[in-house]
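Inside the fold
One letter stands for each residue in the lines below.
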Amino acid sequence: MTPPSALPAPHAPSLDLGGRTALVTGAAGGIGRACALRLAAAGAKVRAVDRDATGLESLAEEARGLAGAVESHVLDLTDLDAAELAAAGTDVLVNNAGLQLVRPLEEFPPDVFHTVLTVMLEAPFRLIRGALPHMYGQGWGRIVNISSVHGLRASAYKSAYVAAKHGLEGLSKTAALEGAAHGVTSNCVNPAYVRTPLVEKQIADQAEAHGIAPERVLADVLLQDSALKRLIEPEEVAEAVAYLCGPAASFVTGTSLVLDGGWTAH
């Protein structure tokens, strides 16, 4: 039998998003940036949404020459009405934007908890709500929610993040059940720790919370439960997103694609 790696190219489904519009939140850096570039390479017109105008400018410059185009949209997702309007006419929606604060529950600032839930759960709801009329009207749509291993497991000191990601899992499943009859799929991608500024900023917080040196955080805290002792690269997450938008994943909906290096195998 011919091994999969040896199959001729025509047998490998390719991702062609020519004529499609994709919206990616948190697109100025990290996972969002990698997703925006990957979808633009597949021919999509990408609406890159972030509050970081400088990061969006450099993203648009990096995307020059790709099959698709990247359009910058400076937007703070706490403006929920604006977020919903931004999603109108979207064929592919990637809910990626996030923030993190590591604090014990009794010290966690209520205003930060509220902001995390707004950006990471309520804004995705509003973006989905804004995108669905167009998706339903054409009988095709792809919703990909960048969740986390923390959408499936909890860690201490991350109450807001864990609560938001668990909520996003439920929202994604509900969108899958409602969208199935309209040709719309909805899934989560669940990476463990990705090499992004969000993760890099956690190291000092984790060192303080656990009372250990920063250089021990990666091995002793972040990667403690991972069988693969490395960070995930943003481009690896972007490929999972691309798969969920492609023809081979047309029957994949309401599920979570876990990229955790074996964390949840315990």
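One can find the structure itself at the top, above this paragraph.
Residues numbered from 1 in each chain as written. Predicted model: local features only at pLDDT ≥ 70, side-chain atom pairs only at ≥ 80, totals over all residues. Heavy atoms only, no water.

Description of the nonpolar core
Most often, soluble globular proteins keep nonpolar side chains buried together rather than apart. The following threshold applies: Think of a nonpolar core as a cluster: buried Ala, Val, Leu, Ile, Met, Phe, Trp, Tyr and Cys residues, connected wherever their side-chain atoms sit within 4.5 Å. Burial classes: relative accessible area under 20% of the type maximum marks a residue as buried, over 50% as exposed, and values in between as partly exposed (1.4 Å probe, protein chains only). The criterion used for residue contact is that any of the two residues' heavy atoms lie within 4.5 Å.
If you look at the biggest cluster of nonpolar residues, it comprises 49 residues, and the most contacted ones within it are L39, V46, L59, V94, V144, I146 and V189. Apart from the residues within four sequence positions on either side, V144 is in contact with L93, V94, N95, N187, V189, V241, L244 and C245. Judged by nonpolar contacts, the second largest core, of 29 residues, contains L23, A83, A175 and V184.

A few points about the pairing of strand β1 (residues 21–25)
Rules: Helix numbers and strand numbers start at the N terminus; a helix is a DSSP run of H or I with at least 4 residues, a strand a run of E with at least 2. Strand pairing requires that DSSP identify at least two bridges connecting the strands. A crossover counts as right-handed when, viewed with the strands pointing away from the observer, the path leading from the first strand over the helix to the second turns clockwise.
Where burial is concerned, most of β1 is hidden: five out of the five residues are buried. Side chains T21, L23 and T25 project from β1 onto one buried face, and the interleaved A22 and V24 project onto a second face that is buried too. Strand direction decides the pairing type here: β1 and strand β2 (residues 45–50), joined by five bridges, are parallel. Across the sheet, the residue bridging to T21 is K45, located in β2. This β-α-β element, β1 to helix α1 (residues 30–41) to β2, shows right-handed connectivity. Examined bridge by bridge, β1 and strand β4 (residues 92–95) share three bridges and lie parallel to one another. When the bridges of β4 are listed, A22 appears paired with V92.

Focus: the packing of helix α4 (residues 110–138) against helix α5 (residues 159–179)
Heads up, the rule is: Note on definitions: angles span 0 to 180 degrees between N-to-C directions of axes, and those axes are lines fitted to C-alpha atoms, for helices only across the stretch in contact. Small angles under 35 degrees read as roughly parallel and large ones over 145 as roughly antiparallel, with 65 to 115 read as roughly perpendicular and the rest as oblique. Left-handed describes a crossing whose near helix is turned anticlockwise from the far helix by less than a right angle; the clockwise case is right-handed.
Where α4 contacts α5, the axes come no closer than 8 Å and their chain directions differ by 15°. Comparing the axis directions of α4 and α5 gives the class roughly parallel. Along this stretch, α4 crosses α5, giving a crossing that reads as right-handed. Along its contact with α4, which presents F113, V116, L117, M120, L121, P124, F125, I128 and Y136, the element α5 presents S159, A160, Y161, A163, A164, K165, G167, L168, L171, E178 and G179.

A few points about the environment of H114
Mapped onto the fold, H114 is located in helix α4. For H114, a relative accessible area of 54% puts it in the exposed group. Remark: the alpha-carbon pair of H114 and A160, spanning 46 residues in sequence, is separated by 8.1 Å.

Digging into the sheet that holds strand β3 (residues 69–74)
Spatially, the seven strands line up as an open sheet ordered β3-β2-β1-β4-β5-β6-β7, and their pairing is parallel. Taken across any chain shown, the strands that pair with only one partner, and hence form the sheet edges, are β3 and β7 (256–259). On average, adjacent strands in this sheet sit at an angle of 15° to one another, irrespective of strand direction. Sheet topology places strand β5 (residues 141–146) next to strand β6 (residues 184–191); six bridges connect them, and they run parallel. Paired with N145 across the strands is C188, a residue of β6. α1 contacts β1, β2, β3, β4, β5 and β6 of the sheet and is inclined by roughly 170° relative to β1. Relative to the sheet, α4 contacts β1, β4, β5 and β6, its axis offset from that of β4 by approximately 170°.

What to know about the pattern of salt bridges
Our working definition: Take a side-chain nitrogen of Lys or Arg and a carboxyl oxygen of Asp or Glu: if they are within 4 Å of each other, that pair is a salt bridge.
Applying the stated criterion to the full structure yields ten salt bridges. Two residues, R38 and E239, come together in a salt bridge whose shortest N-O distance is 2.7 Å. Here E239 lies in helix α8 (residues 234–245) and R38 lies in helix α1, a separation of 201 residues in the sequence. Overall, E239 belongs to the partly exposed group, its relative accessible area being 43%. Two residues, R129 and E84, come together in a salt bridge whose shortest N-O distance is 2.5 Å. Taken as a pair, R129 in helix α4 and E84 in helix α3 (residues 80–86) lie far apart in primary sequence, 45 residues in all. Residue classification places R129 among the partly exposed positions, given a relative accessible area of 49%.

Observations regarding helix α6 (residues 197–210)
Along an α-helix, residues three or four positions apart point the same way, because every turn accommodates 3.6 residues. We apply this condition: Here the expected span of a helix is defined as 1.5 Å times the quantity of residues minus one. Here the bend at each residue means the angle between axes fitted to two seven-residue stretches, the one ending at that residue and the one beginning there.
Between the first and last C-alpha of α6 there are 20 Å, a value that for 14 residues agrees with the 20 Å anticipated at 1.5 Å per step. Helix geometry: α6 is bent most strongly at I203, by close to 30°. If you follow the buried residues of α6, they end up packed against α7 (214–222). Remark: G211 follows α6 within two positions and exhibits a positive phi of approximately 70°.

Distances and angles like these do not, on their own, reveal function.
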